[in-house]
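Next come the chains, spelled out residue by residue.
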Amino acid sequence: MRVLVVEDEPDLARALVQALREEGYAADLAQDGVEGIDKATASDYDAIVLDLMLPRLGGLELLRRLRLSRKTPVLILTARDGVSDRVLGLDAGADDYLVKPFALTELLARLRALIRRSLGHADAVIQLGEIAIDTATRTVTREGVSIPLTAREYALLELLAHYRGKLISRTVIYDRLFGDDDDTLSNVVDVHVSHLRKKLGKDLIVTRRGQGYIIDA
Ligand code: CA
């Protein structure tokens, strides 16, 4: 899952990106509204965290422009007494909001819920036969027994599981798992798949040769 953070306060921006990466997201940062709309329309993000008070282009205007072409879920960050900002933001197409200052754990929980809803899943647990993926706790069990995964393995499994029944190309997987600053080689996708097969059984993730990977619905 790939998230764009549009935030101009350096300390908060850094903390957000770091927290997202620790949770296994690919996270990109834009530090003003113009960079924000450019990045938001150039790549497919699973969600965008958008501060409203931004230099060069305000968050509300960014959101209006984004909604002309994209449905990416957006969580806006607003000032404590910015009631009208919140209303304007939701009217402009934001999906959720948080008032500053906020707890990172709440932001992460809201993002998970936002991404889940945007993919049409109401339940936090994705069941694939014997395997259960709890997207709230980011844990995987098989017949109730916990299966330890690395952050990247989990991110890859969750991505394929969210889009189960659909073929996901290696390019899309790479794009969703690694941010702009990541120069990891694209063949690591295959390495992670092979590790997941060792841990979860070889039949869960199917290779469509030359096309990508799929978890059958
Ligand atoms: Ca700001």
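Residues numbered from 1 in each chain as written. Predicted model: local features only at pLDDT ≥ 70, side-chain atom pairs only at ≥ 80, totals over all residues. Heavy atoms only, no water.

**Focus: the packing of helix α6 (residues 151–162) against helix α7 (residues 170–177)**
Packed helices, taken two at a time, are described by the angle their axes make and the gap between the axes. Rule in force here: Only the stretch in contact is used when a helix axis is fitted, and all axes are lines through C-alpha atoms; the angle between N-to-C directions ranges over 0 to 180 degrees. Strands here mean DSSP runs of E at least two residues long; helices mean DSSP runs of H or I at least four residues long; both are numbered from the N terminus. When an angle is under 35 degrees it counts as roughly parallel; over 145 it counts as roughly antiparallel; between 65 and 115 it counts as roughly perpendicular; any other value is oblique. Take the far helix as the reference: if the near one is turned anticlockwise from it by less than a right angle, the crossing is left-handed, and if turned clockwise, right-handed. Only heavy atoms matter for contacts: two residues are in contact if any of them lie within 4.5 Å across the pair.
As a packed pair, α6 and α7 sit with axes 11 Å apart at the nearest point and diverge in direction by 125°. In terms of orientation, α6 and α7 fall into the oblique class. Where α6 crosses over α7, the handedness of that crossing is right-handed. Here R152, A155, L156, L159 and L160 of α6 come into contact with α7, specifically with I173, R176 and L177.

**Focus on empty space enclosed by the protein**
The cut-off we apply is this: Definitions used throughout: a 1 Å grid over protein atoms alone; a cavity as a set of points that fits a 1.4 Å probe which cannot get out; a pocket as an open set with protein on both sides within 12 Å along at least five of seven lines; a lining residue as one with an atom within 4 Å of a point. Grid points are joined across faces, edges and corners, and a volume is the space filled by probe spheres set on the points. Under the scheme applied here, ten amino acids are nonpolar (Ala, Val, Leu, Ile, Met, Phe, Trp, Tyr, Cys and Pro), four are charged (Asp, Glu, Lys and Arg), and all others, including Gly, are polar. Here the bounds of each domain stem from an automatic or database domain assignment.
Under the defined criterion, the tally for this structure stands at two cavities of 30 Å³ or more. Volume-wise, the largest cavity comes out at about 60 Å³. Forming the walls of the largest cavity are Y25, R112, I115, R116, T135, R138, E158 and H162. Elements with a minimum of two residues in the lining of the largest cavity: α5 (104–118) and α6. Residue composition of the lining of the largest cavity, grouped by class: two nonpolar, two polar and four charged. When residues are assigned to domains, the lining of the largest cavity turns out to be shared by domain 1 (2–118) and domain 2 (125–214), each giving three or more. The space that makes up the second largest cavity amounts to roughly 40 Å³. Every residue along the wall of the second largest cavity is listed here: M1, E23, G24, Y25, R138, Y154, A155 and E158. For the lining of the second largest cavity, a count of residues per class yields four nonpolar, one polar and three charged.

**A word on the coordination of the calcium ion**
Going by this rule: Donor atoms (N, O, S) are those found within 2.8 Å of the metal centre, with the cutoff raised to 3.2 Å for Na, K and Ca; water is not part of the atom list, so apparent gaps in a site can occur.
Taken together, D8 (OD), D51 (OD) and M53 (O) make up the full set of protein donors to the calcium ion, lying 2.1 to 2.3 Å away. In terms of primary sequence, the donors binding the calcium ion are separated according to D-x42-D-x1-M. With D8 in the loop between β1 (2–6) and α1 (10–22) and D51 in strand β3 (residues 47–51), the pair connects residues that are 43 residues apart, well separated along the chain.

**Quick notes on the domain arrangement of the protein chain**
To keep things clear, this is the line we draw: Accessible area that two parts lose when put together, evaluated with a 1.4 Å probe and summed over both, is termed the buried area. Any Lys or Arg side-chain nitrogen found within 4 Å of a carboxyl oxygen on Asp or Glu counts as a salt bridge. Any N or O atom pair separated by 3.5 Å or less is treated as a polar contact, with the protein-specific requirement of one donor-capable and one acceptor-capable atom, and with residues adjacent in sequence counted only for side-chain atom pairs.
Domain boundaries assigned for the protein chain yield domain 1 (2–118) and domain 2 (125–214). Once you take the C-alpha centre of each, domain 1 and domain 2 turn out to be 25 Å apart. Taken together, the twelve residues of domain 1 in the interface contact 14 residues of domain 2. Carbon and sulfur atoms make up 37% of the area that domain 1 and domain 2 hide from each other, which totals about 1200 Å². Where domain 1 touches domain 2, the interface holds three salt bridges. At the surface where domain 1 touches domain 2, the tally comes to four residue pairs in polar contact (both at pLDDT 80 or more). The residue makeup of the side of domain 1 that touches domain 2, split by class, is two nonpolar, one polar and nine charged.

**Some words on the environment of D85**
Structurally, D85 is set in helix α4 (residues 83–91). Counting along the chain gives 32 residues from D85 to M53, while the straight-line C-alpha distance between them is 9.8 Å. In this view, D85 contacts L52, L60 and I76; residues no more than four positions away in its chain are not counted.

**Considerations on unusual backbone geometry**
Put simply, K100 and P101 share a cis peptide bond, and its omega is -5°. Along the polypeptide, P101 turns up in the loop between β5 (96–99) and α5.

**Some words on the pattern of salt bridges**
Test applied: Burial status follows relative accessibility: with a 1.4 Å probe on protein chains alone, a residue under 20% of its type maximum counts as buried, one over 50% as exposed, and anything between as partly exposed.
Applying the stated criterion across every chain, the model contains 20 salt bridges. Between E9 and K100 there is a salt bridge whose closest N-O contact spans 3.1 Å. Taken together, the positions of E9 in the loop between β1 and α1 and K100 in the loop between β5 and α5 put the pair 91 residues apart, joining distant regions of the chain. Since its relative accessible area comes to 40%, E9 is described here as partly exposed. Notably, a salt bridge pairs D51 with K100, separated by 3.1 Å at the nearest N-O pair. Remark: K100 occurs in the loop between β5 and α5 and D51 occurs in strand β3; sequence separation between them is 49 residues.

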